[in-house]
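# Coordinate analysis (summary)
Here is what each chain is made of, one letter per residue.
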Amino acid sequence: MNKLNIHTVFSRFQAANPNPKTELRYGNHYQLLTAVILSAQATDKGVNKATGPLFKIIKTPQDLLNFGEENLMKAISTIGLYRSKGKHLMATAQILVDHYNGKVPRTREALEMLPGVGRKTANVVLNTAFGQPTMAVDTHIFRVSQRIGLAKGKTPLAIEQKLMKVIPEEFIMNAHHWLILHGRYTCTAQKPKCQECMIVDVCRYGAKNV
DNA sequence: CTCCCGATAT
DNA sequence: ATATCAGGAG
C-alpha cells in the first residue's frame, strides 16, 4: 500500500521549487493586503491584470481614499465580487489611516478586524509579508489536503490545524505555497494531472489515476 | 446558510 | 452550459 509519506512529499516540493512565493503581484505590504482581498474566488492572473495599472497609482491607503470608491470600482470591475471587495477596500483603507498610521497591522486579531479580511487572508499576510509560519487554507489547499490524504476535515480551520500538526517544522514556512502551486497546476479540481505529478507514487488518489 | 460576480477552462 | 477561481460578510 502506498501510504502518504509526508516528508517525501515536501522534500520533493522543496527540491523542485526551493523558494516558492505568491503569484500575486505587489510592491509593499499594503498592496499585498489589497491583492489578497481581491483574490477571493478569483484567479491570481485576473487580480494581477487589474492591480497592475491600479498599483501604479495606489501605493498607500491614503492614496486609495484620495482615488475614491467610484474609480476603484471601475478599476477592479473585471474581478468577480468586485462591488463587495471595493467596499471592503475603502473601509479597510480608512481604518488603516485612522488607527494604524497607514500601515498594515502585524497581528492576526488586528488583521481579522479589517473588512474583507478573514482567517485565510490574515494567514497569507502574516506569512508572506511578516514571515510567520501560518497555513492559509484556500480552495486549493482544502482540496489537495483531502485528496492526497494529508489532512481530513469539514472546515478550512480544521484542515489548517491538522496541517500545522502534521507538516514537519522545517517545511512549515513554505508549505502553503507549495500546496497552492501543486493544487493550481497539477492537482487541479477537474481532471487532475496525475501523469505529470511528482508525488503520484506516494498518493492513494494518484495510484488509481495512472 | 445565502449572497456576491467576472473571466476562463472544460 | 457548467465548474472553478488564493473567501468573507450578513
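If you're wondering where the values come from, they're calculated on a predicted model, not measured in any experiment.

### Considerations on the overall build of chain A
- The helix and strand tally for chain A stands at twelve helices and zero strands.
- Shown N-terminal to C-terminal, the secondary structure of chain A runs as helices and strands in the order α-α-α-α-α-α-α-α-α-α-α-α.
- Here chain A has a C-alpha radius of gyration of 18 Å; the compact-globule value for 210 residues is 17 Å, and the two agree.
- Carbon and sulfur atoms make up 53% of the accessible area of chain A, which totals about 11000 Å².

### Quick notes on helix 1 (residues 6-16)
- Listed as buried for helix 1 are Ile6, Val9, Phe10 and Phe13. Down the axis of helix 1, the buried set is contained in an arc of 85 degrees. They therefore lie on one face.
- Those residues of helix 1 that are buried lie in contact with helix 10 (156-166) and helix 11 (169-185).
- In this structure Asn5 caps helix 1, since a side-chain oxygen of it lies 3.0 Å from the backbone nitrogen of His7.

### Here's the deal with the domain arrangement of chain A
- Domain boundaries assigned for chain A yield domain 1 (6-20 + 134-207) and domain 2 (29-128).
- Summarising the inter-unit geometry, the C-alpha centres of domain 1 and domain 2 are found 27 Å apart.
- With eleven residues of domain 1 at the contact, the number on the domain 2 side is nine residues.
- Buried area between domain 1 and domain 2, both sides added, is near 790 Å², and the carbon and sulfur share of it is 49%.
- The largest per-residue losses of area from domain 1 upon contact with domain 2 belong to Thr134, Ala136 and Glu160, which jointly make up 47% of the total buried on that side.
- Where domain 1 meets domain 2, there are two salt bridges.
- Our enumeration of links across domain 1 and domain 2 arrives at six residue pairs in polar contact (both at pLDDT 80 or more).

### Structural notes on the protein's contact with DNA strand B
- Around DNA strand B, a shell composed of Lys49, Ser77, Thr78, Ile79, Gly80, Leu81, Tyr82 and Arg83 is seen.
- In DNA strand B, the atoms that sit within 4 Å of the protein are 60% sugar and phosphate, with bases accounting for the remainder.
- Between DNA strand B and Leu81 there is a distance of 2.6 Å, counted from a sugar or linking oxygen to a backbone nitrogen or oxygen.
- Separating a phosphate oxygen of DNA strand B from a side-chain N or O atom of Arg83 is a distance of 2.8 Å.
- Grouping the constituent residues of the surface near DNA strand B by class yields three nonpolar, three polar and two charged.

Thresholds applied
Residues numbered from 1 in each chain as written. Chains lettered and ligands numbered in written order. Predicted model: local features only at pLDDT ≥ 70, side-chain atom pairs only at ≥ 80, totals over all residues. Heavy atoms only, no water. Helix = DSSP H or I, 4+ residues; strand = E, 2+ residues; numbered from the N terminus. Rg over C-alpha atoms; globule rule 2.2 N^0.38 Å. Areas by Shrake-Rupley, 256 points an atom, 1.4 Å probe, with all protein chains shown as cover. Buried < 20%, exposed > 50% of the residue type's maximum accessible area, 1.4 Å probe, protein only. Arc of directions from axis to C-beta. Contact = heavy atoms within 4.5 Å. Polar contact = N/O pair within 3.5 Å; in protein donor to acceptor, adjacent residues only side chain to side chain. Domains from an automatic or database assignment. Buried area = accessible area lost by both parts, 1.4 Å probe. Salt bridge = Lys/Arg side-chain N within 4 Å of Asp/Glu carboxyl O. Near = heavy atom within 4 Å. Nonpolar A, V, L, I, M, F, W, Y, C, P; charged D, E, K, R; others polar.

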